[in-house]
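This is what each chain is made of:
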Amino acid sequence: MKTKQKMNKMIIYVLASIVLIVFVGPYLWMLATALKTPGEVMAWPPTILPEKLYFENFVTIWQNSVLPRAFLNSVIVALTATVINVFFASLAAFAFARLDFPGKNGLFLTVLATMMIPSGLMVVPLFSMIRHMPFAGANGWLDSYAGLIIPTAVTGFAIFLLRQYFMSIPKDLDDQATIDGCSRLKVYWKIIMPLSRPALGLVAIFSFLGNWNEYLWHLTVARSEEMYTLQIALARFQTEHNIEWTLIMAGATTAAIPMLIIYFLLQPLFERGLSGIGTGMKD
Amino acid sequence: MSKSTSTMGHQTASHSGKWKKHLGAYMFLAPALTLLFTFSFVPILYVIYLSFHRFRLPEDPVFIGFENYIRLFSDSVFWTSIWNTLVYTIGSMFIGLFAALCIAVLLNRSFRGKRFFKVFYFLPTVTSDVISAMIFFWIFDHNLGILNYLLTKAGFSAAPNWLLDPFWAMMILIVVGAWRGASYNIPIFLAGLGSVSKSYYEAAEIDGANGWQKFWKITIPSIMPISVYCMVMSIIGSFQVVAIVDVLTDGGPRNSTLVALKYLWQQSFEFNYVGYGATISLFIFPFLLLLTWLNLKLSNRGG
Amino acid sequence: MKKYYYLVFMLLTALCLLAACSGNDETSGGVDEGASQEHLDEMAARNFEEEGLPEFNEAIANLPDTSLEVWLAADYVDEAPVVEAIEEFMEIYPNIKVETAGHEWGDMQDQVRLAVNGGAPPDLAHQHAFAMGSQGLAEPVSDLWEEWGAEDQFLPGAIDNVTWEGEMFGVPIDINTTFYLYNTEMFEEKGLEPPATLEEFTEVSQEVAEIDEGRYGFVPAASTWGLQGWLIAEGTDVLEEVDGKFVPKLNNPEALEVIKTYTDIATEYEVGPIPPAQSRQSDHPVAMFGNERTAAIVSGPFDIARIKNEFPDMYDKVGTAPIPGSGEGSVAGGGSMFVPRGSENREAAFELMKWIISDKYALRMAEEMGRHPVKEHLYEDELYDDPLLEPFVETLKHAEQYYLEAFPEVNNAYTQAFRNVFDGEDVQSAFDAAQAEAEAAIEREQ
């Protein structure tokens, strides 16, 4: 009996490790490439591990004039958009989950519909809208943080996700509070929000992720180098160094690291958020 | 909420008409929906308008009636792109979700170091699709990729030119899509599995059910709603795939991986047929709308 | 759990503060109003011609304070010769402020289109002016050329890059042609000479290859611009000029002959790799060449500069020769600057173009970036005594533009067909299909 249990444990670890290799292996390969010299990367036969760790690639990237500023811009844009999304979407989700009003289902369906609009072509009309934004100077919101952030800040996905989560919170709690004389805003702020921290964390991560990795829209809005975001700077960097795969991989690593850090920090919250969504879907 | 007697903000009067309550609800919606609708429906209206026009930047749009729609139905490349998108979507969805479920079942056992594995399994989700695709390029490229080198070393001399072979190119896209999808869905399935009540299993054990029976009769039905959710989300995501195609195959070989969004992009920007591009995007939209409706229907069953 | 929130919060706050500090760069200076007499006198006394710079233009100096938004290709915008040319321009004309931004070459056309359509064009952009002019995206500047009176200094191939149907739409920035680059060490080892004809090309590529050691004979690219050099060298083309209009003839039998020879290197004889599928794969050959994984490639002078900078170890082994073929000449590459339609600063932008390609900076661009001048007399510089550049300078006289650039859809059909041949399709059927597609596209255009 004991040995069988041990065997089972062994099998679990072996399987888990295989899966680990599948998910993490490609990243190790990216890192290995980023740490090779340009010559080694094209060499035949190829080397698996770098002959010697070559950090020069990362130095080159940070010496690029545009990148640090672009990195900062990405942080600003992703962060602000995330805050806006979490706050606004949770308000709307609260209404969809807890309040009654005419047109609720229709509106909710419309919100969901926004999730499936293929973003590519929207660039043409959006550009004109941004350019002619009232009270914002000659070029509207072009080349501004407002233009980078606001049009893509609120997502239907966030509203949807939060609504699902709010629905999984027992209604008795806010009914009780309402009887005690709390306004709806208070119920939202004092009861629903604190209980939904995991879901809010989840939305925050996806929101940040989406904005951090956005390319097309940022490319359209950002006109001057001061407004470039990280993905644009990296794409530009790639054209400048288009045969230096080592540098491209170092750039990719640089872009991925902040996301990883945020994920590691928020991971416990994130998982509870997901299980909330899970039960919210099920009940 | 029917018991509620208060309105939003200052509660000055005890009298609160129904409309006032509704107004309060709309106030909750206003900030998010104003932004969301302004920046998605105004453009959509414009896109509908454009679909009836010949629009080549920087000239002004010229009304041409249904010409773009007629062209769409006779455009074999467009239908190829829809077919490719469907193949990719369905392939990557099933492989991805099946893998996610298996891995979630594995992680649902208790063992030491579980959290370590869980965190790392999520890596593909937090990196952008462009970066993932670039890494896979470095693996699958027939010339510089590591895979063919290792295969040759292992004695397979006739390894295919992965990304240049119509069959394998699509397969690789599906695998990359499924790889990202699995990573994304593992925690969701895990959450679903965790919420299945233990008492069901205990009851089944008393009835003498074995592991497989328990899995099929209890686990699968319990996680069905969440699986539907995952499927629909995965369809929405996969239908809009374009970045990994750009990096890995650029739509080739011979249009075998040309997906709908890439074709849309090509027509509207590379060839400057913005009106026709509008028509294409309108055609993609109702298809996805149908799926959303399905999603809502299914997820609403209990909620 | 609290700890985590706190940490994240602190991190985010710190970043916000950082952002707030650096986000408010005040850029408005605006001290100079017009040109002071002192400045004008100083400029009048200076001999610009001797310094290899354009004459002082008082009309520009008298413009009110102007800000120019300039979009250059990403691999030009940060290079010292370009940056310094712009800086010196601003010193001479303190009333003109120039702001540059780098754009990916492939994105430039879309970005300009969007900007022109949205009514917010930049004042100067960088692409093929003839292609932009043909689409109505560029302001005509023939009048400014006439005023300048310098047209006869330019290479005809460079002028072609800015001319569409008789109208001029910009100023060329650089020019290049393609030629054969080979690894002299590998060729000597086998006692081979660079090939002069297409038959020799096939033979030599096979003889010099060492496939087992990972060394190819020739690395082809799936780029039709690259292919164009081969067509011109063989005296053929896929566009015909009929009554001043271009007509595609993508399945021209003479051209197909060349294409077959070219692609057979990879598909039939397997002494060259099949090009990767990505749209940006034109850099693949030079990387293979620089790392000595191939004995030869075809590319332009810009790659000589690149090899010198990025693969200094093999630079000494580089040899050059014209593209094998029975005729002479090659494709003309390079780009040009133009004023996007709707810009209000046409004159100032045009003046800046003159500065960027002035003798002083054009020679530096040649030396430092491998981007060669568009004015004929600059080829008398000692820089061009370099034997490596000989086939370049030779073919320059007969270099022709790649006009398919002005027909995006036809160009795409053609490029796809070329790609398909690498992926195994028969040459004839691939290009027949492309021709049919091209004709349909042209019909749609009308």
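Residues numbered from 1 in each chain as written. Chains lettered and ligands numbered in written order. Predicted model: local features only at pLDDT ≥ 70, side-chain atom pairs only at ≥ 80, totals over all residues. Heavy atoms only, no water.

Structural notes on the sheet that holds strand β12 (residues 318-321) of chain C
All names here are of chain C. Taken together, three strands build an open sheet; the order of strands is β11-β8-β12 and the sheet is antiparallel. Strand pairing shows two members of the sheet lacking a second neighbour, β11 (296-299) and β12, which therefore form its edges. Geometrically, the sheet is characterised by an average inter-axis angle of 30 degrees between neighbouring strands, direction not taken into account. As paired elements, strand β8 (residues 179-183) and β12 share four bridges and run antiparallel to each other. Paired with Tyr 180 across the strands is Ala 321, a residue of β12. (Pairing = 2+ DSSP bridges. Helix = DSSP H or I, 4+ residues; strand = E, 2+ residues; numbered from the N terminus. Axes fitted to C-alpha atoms, helices over the stretch in contact; angles between N-to-C directions.)

Looking at the nonpolar core
The nonpolar side chains of a soluble globular protein tend to be buried with one another. Among the nonpolar cores identified, the biggest contains 343 residues, and A:Ile159, B:Tyr121, C:Tyr180 and C:Phe431 are the most heavily contacted of them. Ranked by the residues each element gives to this core, the list is headed by helix α4 (residues 67-98) of chain A, at 16 residues. Two domains each put at least three residues into this core: domain 1 (60-175 + 334-388) and domain 2 (179-330 + 407-445) of chain C. (Core = buried A, V, L, I, M, F, W, Y, C linked by side-chain atoms within 4.5 Å. Buried < 20%, exposed > 50% of the residue type's maximum accessible area, 1.4 Å probe, protein only. Domains from an automatic or database assignment.)

As for the domain arrangement of chain C
Residues and elements named next belong to chain C. Domains assigned within chain C are domain 1 (60-175 + 334-388) and domain 2 (179-330 + 407-445). Placing the centre of domain 1 and that of domain 2 at their C-alpha centroids yields a distance of 29 Å. Counting residues at the interface gives eleven residues for domain 1 and 14 residues for domain 2. Of the roughly 880 Å² buried where domain 1 meets domain 2, counting both sides, 57% is carbon and sulfur surface. At the junction of domain 1 and domain 2, the tally comes to one salt bridge. For Glu 165, the salt bridge identified is with Lys 245, shortest N-O distance 3.4 Å. Taken together, the links from domain 1 to domain 2 amount to two residue pairs in polar contact (both at pLDDT 80 or more). Here the side of domain 1 that touches domain 2 is composed, by residue class, of four nonpolar, two polar and five charged. (Contact = heavy atoms within 4.5 Å. Buried area = accessible area lost by both parts, 1.4 Å probe. Salt bridge = Lys/Arg side-chain N within 4 Å of Asp/Glu carboxyl O. Polar contact = N/O pair within 3.5 Å; in protein donor to acceptor, adjacent residues only side chain to side chain. Nonpolar A, V, L, I, M, F, W, Y, C, P; charged D, E, K, R; others polar.)

Considerations on empty space enclosed by the protein
The full count for this structure, using the stated rule, is seven cavities of 30 Å³ or more. Computed from the structure, the largest cavity encloses a volume of approximately 60 Å³. Lining the largest cavity are A:Trp29, A:Thr33, A:Lys36, A:Glu40, A:Val41, A:Pro46, A:Thr47, B:Trp138 and B:Leu144. Elements with a contribution of two residues or more to the lining of the largest cavity: α1 (2-34) and α2 (38-42) of chain A. (1 Å grid on protein atoms, 1.4 Å probe; cavity = no way out; pocket = protein on both sides within 12 Å on 5 of 7 lines; lining within 4 Å. Points joined across faces, edges and corners; volume = space filled by probe spheres on them.)

Considerations on a negative patch on the surface
Residue and element names in this part refer to chain C. Taken together, the side chains of Glu 199, Glu 200, Glu 203, Glu 207, Glu 254 and Glu 257 define an acidic patch exposed on the protein surface. Elements supplying a minimum of two residues to the negative patch: α11 (198-208) and α13 (253-267). Summarising the element assignment, Glu 203 is placed in helix α11. Judged by relative accessible area, Glu 203 falls into the partly exposed class, the value being 46%. (Patch = residues over 30% accessible without salt bridge, like charges linked within 9 Å, V, L, I, M, F, W, Y side chains within 5 Å. Areas by Shrake-Rupley, 256 points an atom, 1.4 Å probe, with all protein chains shown as cover. Lys, Arg positive; Asp, Glu negative; His and termini not counted. Charge placed at Lys NZ, Arg CZ, Asp CG, Glu CD.)

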